[in-house]
Structures are given as C-alpha cells and as structure tokens.
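Below, each chain spelled out in residue letters.
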Amino acid sequence: MKKLLLTSLLAWLLIANAAMSQTTLTKDERMQWWREARFGLFVHWGVYAQLAGAYNGERLKADGAEWIMNFMKISMGNYQAVAKQFNPVNYNPDDWVRMAKYAGMKYIIITAKHHDGFAMFKTSASKWNIVDATPYGKDVLKPLMAACKKYGIKLGFYYSEAQDWNNGGSAVRMKANVGWANPDSAKIDEYTKANTGHWDPAQTTSTFEEYMDRVAIPQVKELLTNYGDVAVFWWDTPAGMTDETAQKLHDLLKLQPQIITNNRLKKNFPGDTQTPEQTIPDAGKMAGIDWETCMTMNRTWGYNAYDHNFKSTEVLIHNLCDIASKGGNYLLNIGPKGDGTWPQESIDRLREIGDWMKVNSEAIYATKASPLPKLDWGRCTQKVDGNNTILYLAVFNWPKDGKLVVPGVSNKIVSTKIFGSAEKATTKSGDNTVELSLPANAPNTYASVVKLVVSGKVGM
Ligand code: FHN
C-alpha cells in the first residue's frame, strides 16, 4: 500500500512539474523533428511472434498474426502457456537500431503492449509481462531506449489502451473465429457473440473501468515515467473507451512535455498526428495536417512465418517518395521473430532502402509537399532555400528520349543536379513548364532524383 502511495505521489509530482514545463513547448516546436524525419520504423513484437502464424499445427487463415489469440479463440490459459516458450535470446537492440538508422529511419515506434495485453516491459500492474511470464525475464524496452540514445534515433511506444485479452475486464474487438478447427468453436462463437467479443469467461472477471484503473492507467504512467524521454505515444483501437478514462490517459502525457501523440486514443481526442493505415492518401487531402501512413512490409504486423508476400524495395521506395511528396511520414513495419531476429526479407529491404537514402535522402528529410500538379513520371518534394525553391524530382520512369517535362514551373532556373551522377541536365523553359534534357541512363533503378533550383516560390 505504502509503495503504491509513494508511486502515485511521485507520478503526481512529475505531472505537476511537467505541467509547468508543458507550456514551454509549442506544437510546432514539438513537431519539428517529426516533420523533418519523414521516415520511421514500426515494430510489432510480442508473444504472438512465438506462434509465428500457426497454433496447434494449424495455420492462421487471416492477415495480422498479432491477432492470433483472438482469431483462433485461444483460451487465456493456453495462450499464456506460449509465453513460457518466448525467450528472445538473439534480441540485439543495437543491431535493430543500426539497421533502422542505415535505412534512413529517424524514429522507432515499438509495441509496448498490444491487444493480447502482454507487456514487453517490467510492470507492477500485471504479472502478464516479459519479465515475470517468460524464461527471458528481461525488459526489452530499456535496452532499446539506450540503443536509440546511442545512435541518435527517437523512440516511441505503441500502447493498445482498451483491448487486453489476458487481464480480465478490458474491451475486445470482435473478430470472426478463423483458422482453427476447435471442436467447441460453435459454442465459443455463441459465447463470444453474447459476451461483447470475449471468448474466455476469465476475460470478463472485472469491469472495463476496473481494468483501466488496475492495468492500463498504471502501465501508461510506468511507460511515461521509467524510460527517459519518450518521443511518441502511439495509441491504438479505443474499443469501448469512455471520455472520462480517455481524459485520465491523456492527462498522463503531461509527464513528457515534448511527446507527440496520435489520433487513436478516442474519436474526440485528435492528438497531434493522423494515422492512415496501409494506405497513402491522395495529394492535397492532408494539406496542413501532420499525418503518417503506417504500413506492413508483407501482410502482417506481427511475425508470420508463412507470409512471404513482401512488397518489393522498389514499391517501398516509391511509397516513401509518394508520401513525402504529399507532406506525410512513412511508418514502415517489421515483425521480429520469437527469438529476437528479423525476417531476412525485412533486413534485405531496409538495407536496399538505406543504399538509396545514402544518395537521395536530401529529397526526403525536412521537405514539404509538392507544389506541382500530378506527375505521371514520378513524384516531387520541395524545400524553400532563401529566395529560391528547391524541387526534388524523384523520377520513377526515366524518359527513353531523355526529355522530362516538369509542369507548373514558370520560374527562372537557378541550377540543376542529378543525384548519384556526374552528368548534367540541361533545361528549356516553356509555357509554365520546364523541359529537362537528361542523360541516357538513370543513375538508380528504383527512383533517380533530379534537384531543380528555381528562383522565387512555385505555386500550384
Ligand atoms: O489491430 C491493430 C493491428 O494489429 C495493428 O497494430 C495496427 C497498426 O496500426 N493497428 C490496429 C488495426 O488498425
């Protein structure tokens, strides 16, 4: 009791102190590094990685291996037994951060707790965590924070604030029973329908509010108190969330005055960023908004050993250019395996993206949305440079005749440069267009960047 009192007093003091410093940062000051970053790594890691997309010899018949407990209606007892095999002895946070950094990623968001309620950190709110429930027995967020600090990468936490399939009392997003020939599945489906999506009686041992006070609120306080500067708090799926509880969670953010948060705590809590998922909005749709597309590399957030549907490096680089050309950030996901290593396909793609960023990252970092009309040969990003505008033209389809027509530019040309090439581009101004004459060969097979500097502003 005394310990709880002391912790609450400490948290109160921290909130009070932070509240005073909270006013020192404007939103633009908090968002500056994020708006310049443009590219981050999403990590979905937990006990589900140990199952790797199958249970009792049967493969999951749906995307989203991190949902396997729900999709297959695995009981709490059987799922918690899986944690006894979760022992990521090959987890090397320095390697993770180095691979993300090489890819050109400026921040990492990792699942501190996903919907299965398993905490990847030491928490006193529940024994269902990596320290108390696995042979590994160590918090994985602390060493990751240290590695991020060492390599100059920001670290944020994903937290499933309302769903928790193992701590009794939380909400559950109803999902069909797929992929597991359980003899009782008809009975389970009936129970699930009658019990707001829960499939195990042990999941309804307390009310939603009791669960929030006992687990979610204390854990969010721990994550915002025990890990140093948390760059981002990434809420997810506010199933059954009430305004009153959302406000309690939101108030905890005062513990980290610099923190950025998203729009998924609850509908009327907009946060700082919008979060289109697995999709890239059309140009202009998100003008003036801070937004981030989160996307899987294959078809699953959590590791699925059978999912080899990885997007090509070309598609991933085109996505990065497309998102940046619309003023957004790309939060690209990997799902580490149960042993702490990454799928080789993920490693290979991040390395290839890094090779491209080594030459072309100037066209991504700290850029703003394109001022040009839609381009059929690629994408454009821009930077203001004194009285000039720099246009970064990411050319996906290098013109066979060497002629690249850039619409919407009537400005005086200051200079051109082709990244990754010693060859020059020449220019010819037309009617609100510029025609570039380019060398025969594109310097990069995925996307080649031409830097076009013009005087004055470039308007749509
Ligand atoms: O249900 C989750 C899903 O597992 C994953 O975490 C994504 C990532 O944005 N969010 C939810 C689906 O919107």
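Every value quoted in this text rests on a predicted model; they were computed, and no experiment measured them.

A look at the overall build of the protein chain
Assigned secondary structure in the protein chain consists of 12 helices and 16 strands. At 24 Å, the protein chain has a C-alpha radius of gyration in line with the 23 Å of a compact globule built from 460 residues. Taken along the three principal axes of its C-alpha coordinates, the protein chain extends 75 × 55 × 40 Å. Of all 460 residues assigned to the protein chain, the portion counted as buried reaches 56%.

Looking at the pairing of strand 5 (residues 154-160)
Counting buried positions along strand 5 gives six out of seven residues, so the element sits mostly inside the fold. Bridge count for strand 4 (residues 107-113) against strand 5 is six bridges, and the pairing is parallel. When the sheet's bridge partners are listed, threonine 111 is paired in strand 5 with tyrosine 158. The parallel pair strand 4 and strand 5, bridged by helix 7 (residues 141-151), forms a crossover whose chirality is right-handed.

Here we look at helix 10 (residues 243-252)
Turning to helix 10, its buried residues number three or more, namely Thr245, Ala246, Leu249 and Leu252. Projected onto a plane normal to the axis of helix 10, the buried residues spread over an arc of 115 degrees and lie on a single side.

Quick notes on the state of the cysteines
Counted under the stated rule, the structure contains zero disulfides. For the unlinked cysteine cysteine 148, the closest cysteine sulfur is that of cysteine 294, found at 19 Å. Under the relative-accessibility criterion, cysteine 148 is labelled buried at 1%.

Examining the site of the ligand
His44, Glu66, His115, Asp236 and Glu277 are the nearest of the 14 residues found near the ligand. Separating an oxygen atom of the ligand from a side-chain N or O atom of histidine 44 is a distance of 2.7 Å. The protein chains hide 89% of the 330 Å² of surface that the ligand would expose on its own.

Describing the pattern of salt bridges
Summed over the entire model, instances satisfying the criterion amount to 20 salt bridges. For aspartate 251, the salt bridge identified is with lysine 254, shortest N-O distance 3.4 Å. Lysine 254 sits in the partly exposed class, given a relative accessible area of 30%. Across the salt bridge formed by aspartate 348 and arginine 351, the nearest N and O atoms sit 3.6 Å from each other. Taken together, the residues span about one helical turn, with aspartate 348 and arginine 351 both in helix 12 (residues 344-360) at a distance of three residues. Looking at aspartate 348, the relative accessible area reads 23%, which means it is partly exposed. Taking relative accessible area as the criterion, arginine 351 reaches 41% and is therefore assigned partly exposed. Three or more residues joined by partner-sharing salt bridges are found here, namely Lys27, Asp28, Arg35 and Asp290.

Some details on the nonpolar core
The biggest cluster of nonpolar side chains holds 112 residues, and the ones touching the most others in it are Leu141, Phe157, Phe233 and Leu350. Ranked by residue count, the leading element in this core is helix 9 (residues 208-225), at nine residues. In this structure, this core is formed jointly by two domains, domain 1 (25-363) and domain 2 (378-455), each of which donates at least three residues. Residues in contact with leucine 141, not counting those within four places in the same chain, are Ile110, Ala112, Met120, Phe121, Leu155, Phe157, Leu223 and Tyr227. Grouped together as the second largest cluster of nonpolar side chains are 20 residues, Leu372, Trp377, Leu438 and Val458 included.

Points about the domain arrangement of the protein chain
Examined at the domain level, the protein chain breaks down into domain 1 (25-363) and domain 2 (378-455). Between domain 1 and domain 2, the C-alpha centre-to-centre distance is 39 Å. Across the boundary between the two partners, domain 1 contributes 14 residues, which contact 15 residues of domain 2. For the domain 1 and domain 2 pair, buried surface summed over both sides reaches about 1300 Å², with 61% attributable to carbon and sulfur atoms. When residues of domain 1 are sorted by the area they lose upon contact with domain 2, His318, Glu362 and Ala363 head the list and together hold 40% of the total. Linking domain 1 with domain 2 are two salt bridges. Salt-bridge contacts for glutamate 362 lead to lysine 451; the nearest nitrogen and oxygen are separated by 2.8 Å. For the interface between domain 1 and domain 2, the tally reads seven residue pairs in polar contact (both at pLDDT 80 or more).

Remarks on the side chain of aspartate 200
Among the structural elements, aspartate 200 can be located in the loop between helix 8 (185-194) and helix 9. Buried aspartate 200, no salt bridge; nearest opposite-charge side chain is lysine 73, N-O distance 12 Å. Reaching out from aspartate 200, the side chain makes a polar contact with the backbone nitrogen of methionine 76 at a distance of 2.8 Å. Those residues within four positions of aspartate 200 in sequence are excluded, and the remaining contacts are Ser75, Met76, Gly77 and Tyr191.

Analysis parameters
- Residues numbered from 1 in each chain as written.
- Predicted model: local features only at pLDDT ≥ 70, side-chain atom pairs only at ≥ 80, totals over all residues.
- Heavy atoms only, no water.
- Helix = DSSP H or I, 4+ residues; strand = E, 2+ residues; numbered from the N terminus.
- Rg over C-alpha atoms; globule rule 2.2 N^0.38 Å.
- Buried < 20%, exposed > 50% of the residue type's maximum accessible area, 1.4 Å probe, protein only.
- Pairing = 2+ DSSP bridges.
- Right-handed = clockwise from strand over helix to strand, strands pointing away.
- Arc of directions from axis to C-beta.
- Disulfide = S-S within 2.5 Å.
- Near = heavy atom within 4 Å.
- Polar contact = N/O pair within 3.5 Å; in protein donor to acceptor, adjacent residues only side chain to side chain.
- Areas by Shrake-Rupley, 256 points an atom, 1.4 Å probe, with all protein chains shown as cover.
- Salt bridge = Lys/Arg side-chain N within 4 Å of Asp/Glu carboxyl O.
- Core = buried A, V, L, I, M, F, W, Y, C linked by side-chain atoms within 4.5 Å.
- Domains from an automatic or database assignment.
- Contact = heavy atoms within 4.5 Å.
- Buried area = accessible area lost by both parts, 1.4 Å probe.
- Lys, Arg positive; Asp, Glu negative; His and termini not counted.

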